[in-house]
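Each chain, letter by letter, is given below.
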Amino acid sequence: MKAFQLAAPGGRLSILCLGAHSDDIEIGAGATILGLLNRGAHVDVHWCVLSAPGGREREARESAKSFLVQAASAVIETMPFRDGFFPEQGERIKSWFEELKSRANPDLILTHRRDDLHQDHREVCRLTWNTFRDHSILEYEIPKWDGDLGNPNVYVPVSARTLQRKIDLLKAHFASQRSKQWFDEETFRGLARLRGMECRAPERYAEAFVARKVALEL
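A brief report on the enclosed structure follows. (Residues numbered from 1 in each chain as written. Predicted model: local features only at pLDDT ≥ 70, side-chain atom pairs only at ≥ 80, totals over all residues. Heavy atoms only, no water.)

1. Side note on the packing of aromatic side chains
Rule in force here: Whether two aromatic rings pair depends on their centres lying within 6.5 Å, for rings of Phe, Tyr and Trp, where Trp uses its six-membered ring; planes under 30 degrees apart make the pair stacked, over 60 edge-to-face, and the rest tilted. Buried residues are those whose accessible area, probed at 1.4 Å on protein chains only, stays under 20% of the maximum for their type, while exposed residues exceed 50% and partly exposed ones sit between those limits.
All told, the structure shown has six aromatic pairs when counted by the stated rule. Each ring, one from Phe81 and one from Phe86, has its centre 6.4 Å from the other, and the planes form 75°; the classification is edge-to-face. Classification of Phe86 by relative accessible area gives buried; the value is 0%. Measuring from ring centre to ring centre gives 5.5 Å for Trp182 and Phe183, while their planes differ by 75°; the resulting arrangement is edge-to-face. Here Phe183 falls in the buried class, since its relative accessible area comes to 5%.

Below, the structure written as structure tokens:
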């Protein structure tokens with residue numbers, strides 16, 4: 001499958017990364033972000049985690065710093081919204097999104113998938129589209145026990161080395177998640193292999209996204 005190039009080496013790109021919880025961005029789009037940075041693009045990243053209570057705030061910030069070490073610039077924000085109750089906090093989260101819009105005007109937004117069965121993830125996606133109406137948005141996927149993986153239509157092939165770096169960073173930074181049955185190398189590698197098969201990725205691995213609207217400049 002022939003691919004469009006998101007950012008050429010030496011080119012510039014600004015990305016807004018939105019995650020409900022402290023490991024969401026890394027799981028859904030970590031290899032894509034690492035791959036962009038490794039290719040020599042000048043990437044400015046605004047990284048926002050909406051629920052990072054207690055020790056998970058430290059995990060979120062340290063992980064983001066590790067993923068973004070090659071970024072041209074990085075802004076990392078963590079918020080204290082209550083995990084599991086995003087729909088009930090909709091007004092407060094909407095106000096935060098409106099304030100964020102005054103500070104961020106990215107080329108690309110990475111956010112949760114609209115059909116994700118986790119209520120917090122869906123709320124972040126809904127407010128992303130509600131707030132950023134004139135931006136390019138890609139929705140990433142999170143594997144979990146709900147069994148809600150869908151049919152993505154955008155694929156980003158990643159190298160085996162980049163995928164391993166993503167997995168290593170996840171394992172290193174998220175001690176609070178290591179006891180969870182789904183949080184292991186086989187889960188992350190298995191999904192990347194499946195998506196790599198679907199797009200015939202050169203090194204067999206890929207991350208996948210949903211694009212609801214795409215405008216191409218000829």
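We are not done yet, so read on.
2. What about helix 1 (residues 24-38)?
The condition is simple: We count a stretch as a helix when DSSP gives it H or I for four or more residues in a row; a strand needs E for two or more, and each element gets its number in order from the N terminus. What a helix should span is 1.5 Å times the count of its residues minus one.
Look at helix 1: 21 Å from first C-alpha to last across 15 residues, which is about the 21 Å you get at 1.5 Å a residue. Burial analysis of helix 1 places 14 of its 15 residues in the buried class, which makes it a mostly covered element. The positive-phi residue at the C-terminal boundary of helix 1 is Gly40, with phi of around 90°.

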